[in-house]
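Coordinate analysis (summary)
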Amino acid sequence: MLFVHVIPIFWGAYIAFIDLDIYTITRWMQAPFVGLRNFFTVFSPATDVGVRYLRSIWNVVYFGLVTIPAGYFIGLLVALLLNRKFFGRTLVRGLILLPYITPDSVAYNVWRFIFQARIGIVNKYLLALGLIEEPIIWLVGDRAIYAVMIASVWKGWPFACLVLLAGLQSIPQELYEAARIDGASSFGLFRFVTFPMLRPVSATLLLLSAIWNFHAFNQFYILLGADPGKAHVPSTFILQEAFTNFHFGQGAAMSVFLTVVVLLMTVAILQVRKRGEEW
C-alpha cells in the first residue's frame, strides 16, 4: 500500500506544484516551485492547454450524461425480463454477461472495425438503407464521441443488469402479493414496489458508473488512438500532456483535480450506502 498508493499519490501532488518538464526532469530535486501556476494554466480559458482540458472535462461529463442513463435503463429492462421464470433463464443470464467480461482491448477493437468509414458495417447498413449518400467518418471529428458512447453502452449495460437483477431478487414477494390484493396493476407494482425498493441499489450503481465514466480511458484510447482530438477526455489528455508533450507539472495538476473529484464521488457512495442500510 505504501509503495503502490501512498508514495505515488504524494509524489504526484508534489509534482503539480513544481515546474517539471523535459528540461528539469533530470534534476527534479532542483525544479523550481511554482505554487498554483500549473493549476491556473490548465484551468485558464486563455491558454491552449486550458481550453483543451476544459473541453475534455465537458466531454467526459457529456459522455456520462448519455451512457450512464442509457446503460441503466437497458440494464433495468433486461433485469426485469430475466427476473421472470422461463425456459433457459440460467443460460440467458450467463450469455448477457459476455459483453461485460470481454476484455476492453478485444471489444473496442471490434467496435473500431465496425465504425470504419470504408469497411465498417455501420456505414454499409446506412448506405444500404439509403439513410446516407456517402460513408461517414465516425472515429475522427465531432462524431467520434458518439461512436465511443455506443460502444461503451454495449460494453457496460450487462453490469447494470447484473446489479439490478440481484436487487430485484432481494425484494420480498409479500410486498407484491399485498399490492395485488389492494388492486395494483403491473405498472403500479413497478412504480410503488419495485422501483422504490431498488432505490439504494440504483443510487450506488449510478454513482459507481459516474466514477468509472469520469476517468474513462480504455474506450477512447482504443477506439480513437493516442490523440482523440476534439473527443479528448481528462485521462487521455493527461496522458498526452504529461508523456507526449512532457509537461509533467501540468499533467500532475490535472491528475490531482481528477483525484479530488473521484474522492468526492467515493464519499458520496459511502453516504448512499449508509442511508441504504437505514432504509
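All of these numbers come straight from a predicted model, not from anything done at the bench. Counting from 1, residues in each chain are numbered in the order their sequence is written. Totals for whole chains, interfaces and linings use all residues, but because this is a predicted model, local features are given only for residues with pLDDT of at least 70 and pairs of side-chain atoms are given and counted only at 80 or more. Side-chain calculation: all heavy atoms of the structure are included, whereas hydrogens and water are not.

This paragraph deals with the layout of surface pockets. In this analysis, the protein atoms alone were mapped onto a 1 Å grid. Cavities are point sets where a 1.4 Å probe fits without being able to get out; pockets are open sets with protein on both sides within 12 Å along at least five of seven lines; lining residues have an atom within 4 Å of a point. Grid points are joined across faces, edges and corners, and a volume is the space filled by probe spheres set on the points. Quantified by volume, the largest pocket comes out at close to 510 Å³. Comment: elements are numbered from the N terminus, with helices defined as DSSP H or I runs of at least four residues and strands as E runs of at least two. Looking at the lining of the largest pocket, the elements with two or more residues in it are helix H3 (48-82), helix H6 (104-114), helix H8 (144-169), helix H11 (199-214) and helix H12 (218-224). Of all the elements, H8 adds the most residues to the lining of the largest pocket, at 7 residues.

Bringing the packing of H3 against helix H13 (residues 234-243) into the picture now. A fitted line through C-alpha atoms serves as each axis, taken over the contacting stretch for helices, and the angle formed by two N-to-C directions is quoted from 0 to 180°. It is the contact of H3 with H13, at a shortest axis distance of 8 Å, that shows an interaxial angle of 150 degrees. In this view, H3 runs roughly antiparallel relative to H13, as classed from their interaxial angle. Two secondary-structure elements touch here, H3 through Val 49, Arg 52, Tyr 53, Ser 56, Ile 57 and Val 60 and H13 through Pro 234, Phe 237, Gln 240 and Glu 241. Three categories are distinguished: nonpolar for Ala, Val, Leu, Ile, Met, Phe, Trp, Tyr, Cys and Pro, charged for Asp, Glu, Lys and Arg, and polar for the others, with Gly belonging to the last. When the residues that make up the contact of H3 with H13 are grouped by side-chain class, the tally is 6 nonpolar, 2 polar and 2 charged. Just so you know how the angles are binned, under 35 degrees is roughly parallel, over 145 roughly antiparallel, 65 to 115 roughly perpendicular, and the rest oblique. Every residue pair with non-hydrogen atoms within 4.5 Å of one another is taken to be in contact.

Here we take up the UniProt feature "transmembrane region" (unreviewed entry) in the protein. Per the UniProt record, "transmembrane region" (unreviewed entry) is found at residues 6-24, 60-82, 121-140, 146-168, 189-212 and 252-272. The span residues 6-24 carries 53% helix and 0% strand; its end-to-end C-alpha distance comes to 24 Å. End C-alpha atoms of residues 252-272 are separated by 30 Å, and the span's content is 100% helix alongside 0% strand. UniProt positions are given in the numbering used here, feature names are shortened, and annotations may be inferred rather than shown by experiment.

This part covers the environment of Thr 259. Looking at the secondary structure, you find Thr 259 in helix H14 (residues 248-278). Considered as a pair, Thr 259 and Asn 123 are 136 residues apart in the sequence and their alpha carbons are 39 Å apart. Polar contact is defined as a pair of N or O atoms within 3.5 Å, subject to the rule that within protein one atom must be able to donate a hydrogen and the other to accept it, and that residues adjacent in sequence are counted only when both atoms are side-chain atoms. Reaching out from Thr 259, the side chain makes a polar contact with the backbone oxygen of Ser 255 at a distance of 2.9 Å.

Below, the discussion takes up the packing of aromatic side chains. Two aromatic rings, drawn from Phe, Tyr or Trp (for Trp, its six-membered ring), form a pair once their centres lie within 6.5 Å of each other, and the interplanar angle then sorts them: stacked below 30 degrees, edge-to-face above 60, tilted otherwise. All told, the structure shown has 20 aromatic pairs when counted by the stated rule. Ring plane angle 65 degrees and centroid distance 5.1 Å describe the contact between Phe 63 and Phe 220, whose orientation is recorded as edge-to-face. Residue Phe 63 is found in helix H3, and its partner Phe 220 is found in helix H12; the two are separated by 157 residues along the sequence. The burial state of Phe 63 is the same as that of Phe 220; both residues are buried. Burial classification: accessible surface area is computed with a 1.4 Å probe over protein chains only, and a residue below 20% of its type maximum counts as buried, one above 50% as exposed, and the rest as partly exposed.

On the secondary structure map, Ile 15 appears in helix H1 (residues 2-15). For the pair Ile 15 and Gln 250, spaced 235 residues apart in the sequence, the C-alpha separation amounts to 8.5 Å. Residues within four places of Ile 15 in sequence aside, it is in contact with Leu 20, Asn 38, Phe 248, Gly 249 and Ala 252.

As a further point, take the side chain of Thr 67. Within the fold, Thr 67 resides in helix H3. Polar side-chain contacts of Thr 67 include one of 3.1 Å to the side chain of Asn 213.

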